[in-house]
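Read off the chains here:
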Amino acid sequence: MNPESAKKGPYDTDPTEPADAPATIHLVDGFQAEIYASEPHVVSPVEMCFDENGGVYVAEMLDYPYDPKKGDQPQSRVRYLIDSDGDGKVDDSVIFADHMLQVTSVFPWKGGVFVASAPDIYYLKDEDGDHVADLKEVWYTGFDTDVSPESRITNFRFDVDNWIYAANNGRPGRITSPKFPDKPAVLVRGYDFRFHPGTGEFKPAAGPTQFGMSFNDWGERFVTQNTVHLRHTVLPARYILQNPYYAPGSMLQYVPDDDPSNSTVYPLTEPQEWRKERTEARQERYDETQPGRKELVGGHFTAATGTTVYSGDAWGDDYYGNVFIADANGGLVHRELLFDKGVTYRSEPRPETGKEFWASTDIWHRPVNMANAPDGNLYVMDFYREYIEEPASIPEAIKQRLQLDFYRGVDRGRIWRIRSKTPAEQRDLKVELGKASTAELVELLDHHNGWHRFTAQRLLLERQDKSAVDALVEKAASGATPQGRLQALWALDGLGALQATQVKKAMADEHPGVRRNAVRIAEKFPGELGGAIVALQEDSDPKVRFQVALSLGELEGTVKPLAAMAAQHAGDPWMRAALLISSGKNAWAVMNRLLVAHAGFFAAGQDAESRDDFLRALASQVGANPERDQLTLLLQALGGSPRLSAPDIKAAVLRGLGQGLDLSGERKLRVPGAETLFTRWAGDSNDAVRDAALETAQYFTLPAMLADAKQAAANETFAVDRRVRAVRFLRGGEYSDVGPVLSKILAAPAAPELHAAAIETLTSFDDPAASKALLAGWAGYGPAARQRAVDAMIRRTGWVDDLLAAVESGEVAPQAIDPVAKIRLAEHPDEKVRERAAALFGTSRSDRAKVVEEYRDALDLKADAAHGEKVFEDNCAKCHLSQGERGRLGPDLSGINNKTREELLAHILDPSFEIQSNYTNYIVVDKQGRIYDGLLASETAETVTLRGEYENVSLRRSDIEEMRASNVSLMPEGLEKDLSRQDLADVIAYLRAGL
């Protein structure tokens, strides 16, 4: 870590001293900025919390942006702040806990604090009154550290439901609890995290959130993720994870209106020199390769952080419920006004035109987070560094030339208080809620200041004092404010004293926020309150209806209301998702109810796209569900119901059914009458119906269709596309019957797509003879067909032995095995296979550093980016796609132009030196011995989805025998054997052009 006195770079500026800092802050009229704490009493602050007695804890992230070197102690810590003379400013402090890795968050609990320090969440407590932690417990562990510190577990927020939520940025992790070892592990990849401090329970939460998270009064969560400055978490993870048959596309809604100007910000500082130079360099390359493309140097969110819903009472009603978002790069705090928009929200930028709520002229000013406080004001954490940026996003040459020191300012930091000049309420930070009686805490649930309300609720949860029950029951029923009624209801739940009668009364509350929460709580009383939940399906408020749609999935016998709500609300994507989640095992019954009772749902002129999407997803759940009686009923309806006869509807249902059957893993299903139906659909004049029918038919036993497909597949006079469809259909047969047809196709010259289809169909069989058939046609395969054949043989126990034997015998030339396949063989789960592969192809790793050094002179050549594009297309594009596109095996290369030529050379020639965690190859072996590998696209409690080279593969966890991450990149070594030095220089020039 570099000290503040480190040598200044040529473009460095000097810091502003705390006494002069207020003059640099420009606020909207009516507000003033005051320094509450500054160095040396606070440094590098990223989060603060106020305990019930006014104690202030601050997370100081001194390690940022790098982790300490191996053997060095981490420097991050938690500090306790002291205002000894009561003037509202910190004049002393104590290091509460030191030498913790990248501390990102603190939250009070039972006289101590929870602390986020990945891979752990700690509970720390001072037990002797010196403000230094004596107790240090790990409550939860397993959070990802293989990522930038700003993306690690952080932002503890206590919600009205008594759980603490934390941002996890969707990072992978198998979370366990040393504190509560009897509780099962949870997976958090793709999610945020939540835990209940009273019971120790822990679960995934909807996300992802990077840094910045806040709740409004009704438990609605708003999050920030870098350039995406404000989103609403619409779909709670707890519902999604209970339905293994349906995965919604997203859990989050972007809140600002679609107008791009809503992301515009108005900083008072010029962009720093490094940003200007990076922008200029990018623009020069864009002008050469992509005329018309413009790289913006500023004026938009680039480091949105610290999202906070203001819940104080000092600023007046016009500001209550507004959302404040900082931009650390721009040195500003942005204000958005929230408005209801159906089941979610929309926001509008602050009324102030052309300026921000808060902005600084000091380039060192780095607002990163905010906090509501006991005095009703908003406090701003100012990280105060000269540079705040992920170092990897700045080209190395610029970093070196400008001598960027990311630790310059590490011994500085400020916390600001924003005060209204005409406050609606006035009080200081002196509070003693820890001394309040239980009855007084109940009364505080009606307080106008959100900090008081939520602190009172937390203390009621901590104390577990049952003497509060009667007062809470009265407050929940007739409290003066809807916030108080709601928090009393949840406080009763936290005390284990909630009764159905209290919840039912809340379901009739005049405020929709109370009603919605009451519907959620009513799930705890399904027998007593199930009917009351159903009765609210036509509530006047869309958010209440949305909660009803989610809660119906927790009840029995809710097919009728689910269908009724679908008929009315399936056009709303969030309602559609909620209803699909709740349909679950009743998917067919919901569809049938729509057919029987809601003719208008199928009528022409409706929102056909939404309707078809809903029906497709319902059918997919029928296919994935092991209860096969639903499948029979669905097929009968599809064949006989006039309401499913429209081509777009029929194709959607058939496609969905096939998707679900593929997930189920079942084949050769026998369903009465299926052959007649599929024969009719396969001959449909509508291409979409015909294709969907043939794709889905492969999962059924259909002997007559199979016989026709065998003939069509073998008939060389038929069009190639017809033969391809027929070959794919053969997957529904027995290998002994269809194998000869496939072998004949593979043994003869044929169109590449026909060979590919035959190989794909062969790989669907486990018969050992199928691998012999694959090898028998080897001589006639083109390069693509050979690659598919090798890929298929690697993935089957026994088949891989046949492949290696063919290489050993000379039947298959070693050079015919592509580099990616060699990597897969070197990483094969079977040790004997790895040994044979090593003998044939050499070891998977070599001294690549020497190769990189040997080819360094390629960087001195004059490069041709246009030729580099062709080199890229020939050698790289299969796995890596250009900006905004998703490569199946390799990263999207957007932003690759931040890398220097030296770095790009190293990555190309030594690909396993550094593997992005998002692009780790996972190897999975199922219980039948089949091997799959690919990037981990998604995982739930029930399924794992891998993104492979050709398609995504979803597997049930119950079918998985082994799953592990590879430490070897699927990008092959040895590209220098196929690329000349000039090719390397040219492809690097192309990559540096920004694709």
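Residues numbered from 1 in each chain as written. Predicted model: local features only at pLDDT ≥ 70, side-chain atom pairs only at ≥ 80, totals over all residues. Heavy atoms only, no water.

Peer 1: So what about the packing of helix H14 (residues 587–597) against helix H15 (residues 608–624)? Which residues, and what values?
Peer 2: Direction vectors running N to C along H14 and H15 enclose 140 degrees, while the axes themselves pass 8 Å from each other. Here H14 is positioned oblique relative to H15, judged by the angle of their axes. Along the contact surface, H14 presents Ala-587, Trp-588, Val-590, Met-591 and Leu-594, while H15 presents Phe-614, Leu-615, Leu-618, Ala-619, Gln-621 and Val-622. (Axes fitted to C-alpha atoms, helices over the stretch in contact; angles between N-to-C directions. Helix = DSSP H or I, 4+ residues; strand = E, 2+ residues; numbered from the N terminus. Parallel < 35°, antiparallel > 145°, perpendicular 65-115°, else oblique. Contact = heavy atoms within 4.5 Å.)

Peer 1: A description of a negative patch on the surface should follow, citing residues and the corresponding values.
Peer 2: Together, Glu-127, Asp-128, Asp-130 and Asp-134 make up a negatively charged patch on the protein surface. Considering the arrangement of structural elements, one finds Asp-130 in the loop between strand S9 (120–125) and strand S10 (135–141). (Patch = residues over 30% accessible without salt bridge, like charges linked within 9 Å, V, L, I, M, F, W, Y side chains within 5 Å. Areas by Shrake-Rupley, 256 points an atom, 1.4 Å probe, with all protein chains shown as cover. Salt bridge = Lys/Arg side-chain N within 4 Å of Asp/Glu carboxyl O. Lys, Arg positive; Asp, Glu negative; His and termini not counted. Charge placed at Lys NZ, Arg CZ, Asp CG, Glu CD.)

Peer 1: Summarise empty space enclosed by the protein; cite the residues concerned and give the values.
Peer 2: This model, assessed by the stated rule, comprises five cavities of 30 Å³ or more. Volume-wise, the largest cavity comes out at about 570 Å³. What lines the largest cavity is a set of 26 residues, and nearest its centre among them are Phe-107, Arg-157, Phe-158, Asn-372 and Trp-451. Secondary structure elements with two or more residues in the lining of the largest cavity: strand S3 (45–50), strand S7 (105–109), strand S11 (154–158), strand S17 (213–215), strand S21 (304–309), strand S26 (367–372) and helix H5 (450–463). With five residues, H5 is the largest single contributor of residues to the lining of the largest cavity. (1 Å grid on protein atoms, 1.4 Å probe; cavity = no way out; pocket = protein on both sides within 12 Å on 5 of 7 lines; lining within 4 Å. Points joined across faces, edges and corners; volume = space filled by probe spheres on them.)

Peer 1: Describe the packing of aromatic side chains, and please don't skip the residues or the numbers.
Peer 2: Applying the stated criterion across every chain yields a total of 42 aromatic pairs. With centroids separated by 6.1 Å and ring planes inclined at 70 degrees, the aromatic side chains of Trp-139 and Tyr-140 adopt a geometry described as edge-to-face. Across this residue pair, the class does not change: Trp-139 and Tyr-140 are buried. Seen from their ring centres, Trp-778 and Tyr-781 are 6.1 Å apart, and the 65 degrees between their planes marks the pair as edge-to-face. Residue class for Trp-778 comes out buried when judged on its relative accessible area of 4%. Members of the aromatic cluster, joined through ring pairs, are Trp-109, Phe-114, Tyr-123, Trp-139, Tyr-140, Phe-143, Phe-156, Phe-180, Phe-193, Phe-195 and Phe-202. Above the ring of Tyr-384, the side-chain terminus of Arg-414 is found at 3.8 Å from the ring centroid. (Phe/Tyr/Trp six-rings, centres within 6.5 Å; stacked < 30°, edge-to-face > 60°. Buried < 20%, exposed > 50% of the residue type's maximum accessible area, 1.4 Å probe, protein only. Lys NZ or Arg CZ within 6 Å of the ring centre and 35° of its normal.)

Peer 1: Could you give me a rundown of the sheet that holds strand S27 (residues 378–382), with the residues and numbers involved?
Peer 2: Sheet architecture is open: four strands sit in the order S2-S28-S27-S26, paired in antiparallel fashion. The open sheet terminates on both sides in strands that have one partner only, identified here as strand S2 (31–38) and S26. Going from strand to strand, the sheet's axes swing by 25 degrees on average, the running direction of each strand aside. The pairing of S2 with strand S28 (residues 414–420) spans seven bridges and is classified as antiparallel. (Pairing = 2+ DSSP bridges.)

Peer 1: Can you lay out the nonpolar core for me, pointing to particular residues and giving the numbers?
Peer 2: Core analysis: the biggest nonpolar cluster contains 225 residues, and Phe-193, Phe-678 and Phe-700 have the highest contact counts within it. The element best represented in this core is helix H13 (residues 573–583), accounting for seven residues. Contact partners of Phe-678, with chain neighbours within four places excluded, come to Leu-635, Leu-654, Ala-693, Thr-696, Ala-697, Phe-700, Leu-702 and Met-705. The next biggest cluster of nonpolar side chains, apart from the first, holds 21 residues, and it includes Leu-27, Ala-326, Trp-358 and Met-370. (Core = buried A, V, L, I, M, F, W, Y, C linked by side-chain atoms within 4.5 Å.)

Peer 1: How would you sum up the environment of Tyr-345? Please name residues and give values.
Peer 2: Residue position: Tyr-345 is located in strand S24 (residues 344–349). Residue Tyr-345 is classed as buried on the basis of its relative accessible area of 8%. Sequence-wise, Tyr-345 and Tyr-254 are 91 residues apart; in three dimensions their C-alpha atoms are separated by 8.8 Å. Not counting residues within four places of it along the chain, the set of residues in contact with Tyr-345 comprises Asn-216, Glu-220, Phe-222, His-232, Val-255, Leu-338, Phe-339, Asp-340 and Lys-543. There is a polar contact of 3.3 Å between the side chain of Tyr-345 and the side chain of Asn-216. (Polar contact = N/O pair within 3.5 Å; in protein donor to acceptor, adjacent residues only side chain to side chain.)

Peer 1: Please give an account of the confidence of the model for the chain that cites residues and values.
Peer 2: Across the chain, the average pLDDT comes to 88, with 89% of residues at 70 or higher. Within the model, the stretch residues 1–7 combines pLDDT values under 50 with 18 contacts to residues more than four positions away or in other chains. Under a pLDDT of 50 for its full length, residues 882–889 has, in the predicted model, 32 contacts with residues more than four places off or in other chains. (pLDDT = per-residue confidence, 0-100.)

Peer 1: Describe helix H22 (residues 735–747), listing the residues and the values that go with them.
Peer 2: For H22, built from 13 residues, the straight-helix expectation of 18 Å at 1.5 Å per residue is met to within 8% by its first-to-last C-alpha distance of 17 Å. Of the positions making up H22, those classed as buried are Tyr-735, Val-738, Gly-739, Val-741, Leu-742, Ile-745 and Leu-746. Residues of H22 that are buried make contact with helix H20 (703–714), helix H21 (720–729), helix H23 (752–762) and helix H24 (768–776). (Expected span 1.5 Å × (residues − 1).)

Peer 1: Tell me about the side chain of Arg-628, and please be specific about residues and values.
Peer 2: Among the secondary structure elements, Arg-628 is positioned in the loop between H15 and helix H16 (629–640). Overall, the relative accessible area of 17% leaves Arg-628 in the buried class. In terms of polar contacts, Arg-628 uses its side chain to reach the backbone carbonyl oxygen of Val-622, at 3.5 Å. At 2.9 Å, the side chain of Arg-628 forms a polar contact with the backbone oxygen of Asn-625. Beyond its immediate sequence surroundings of up to four residues, Arg-628 is in contact with Val-622, Gly-623, Leu-661, Ser-664, Glu-666 and Leu-669.

Peer 1: Can you tell me about the layout of surface pockets, naming the residues and giving the values?
Peer 2: The space that makes up the second largest pocket amounts to roughly 940 Å³. Taken together, 36 residues form the lining of the second largest pocket, with Trp-163, Arg-194, Glu-201, Lys-203 and Arg-238 sitting closest to its centre. Elements that contribute at least two residues to the lining of the second largest pocket include exactly strand S14 (186–187), strand S16 (202–205), helix H1 (237–240), H5 and helix H7 (482–494). Within the lining of the second largest pocket, the residues separate by chemical class into 13 nonpolar, eight polar and 15 charged. (Nonpolar A, V, L, I, M, F, W, Y, C, P; charged D, E, K, R; others polar.)

Peer 1: So what about unusual backbone geometry? Which residues, and what values?
Peer 2: Put simply, Glu-39 and Pro-40 share a cis peptide bond, and its omega is 10 degrees. With respect to the element layout, Pro-40 can be found in the loop between S2 and S3. Put simply, Ala-118 and Pro-119 share a cis peptide bond, and its omega is 15 degrees. Relative to the helices and strands, Pro-119 is located in the loop between strand S8 (112–117) and S9. Positive phi values are uncommon outside glycine, yet Gln-464 reaches one of about 50 degrees. Mapped onto the elements of the fold, Gln-464 is located in the loop between H5 and helix H6 (469–478). Its identity as a non-glycine residue notwithstanding, Lys-668 has a phi of 55 degrees, on the positive side. Inspection of the secondary structure puts Lys-668 in the loop between helix H17 (647–664) and helix H18 (674–682).

Peer 1: Would you mind going over the pattern of salt bridges in detail, with residue names and values included?
Peer 2: As enumerated under the stated definition, the model contains 49 salt bridges in all. Salt-bridge contacts for Lys-475 lead to Asp-446; the nearest nitrogen and oxygen are separated by 2.6 Å. Here Lys-475 is found in helix H6, whereas its partner Asp-446 is found in the loop between helix H4 (438–444) and H5, with 29 residues between them in sequence. According to the relative accessible area criterion, Lys-475 is buried, its value standing at 7%. Judged by relative accessible area, which is 15%, Asp-446 ranks as buried. Each of the salt bridges in this network shares a partner with another, and the network as a whole consists of Glu-17, Glu-39, Arg-412 and Arg-414.

Peer 1: Tell me about the pairing of strand S19 (residues 228–233), and please be specific about residues and values.
Peer 2: Across the six residues that make up S19, a large majority, five, are buried. Two elements, strand S18 (residues 221–225) and S19, share three bridges in a ladder whose sense is antiparallel. Opposite Val-223, over in S19, you have Arg-231 as the bridge partner. Once S18 ends, the chain turns through two residues before running back antiparallel as S19, passing Asn-226 with a positive phi of about 60 degrees.

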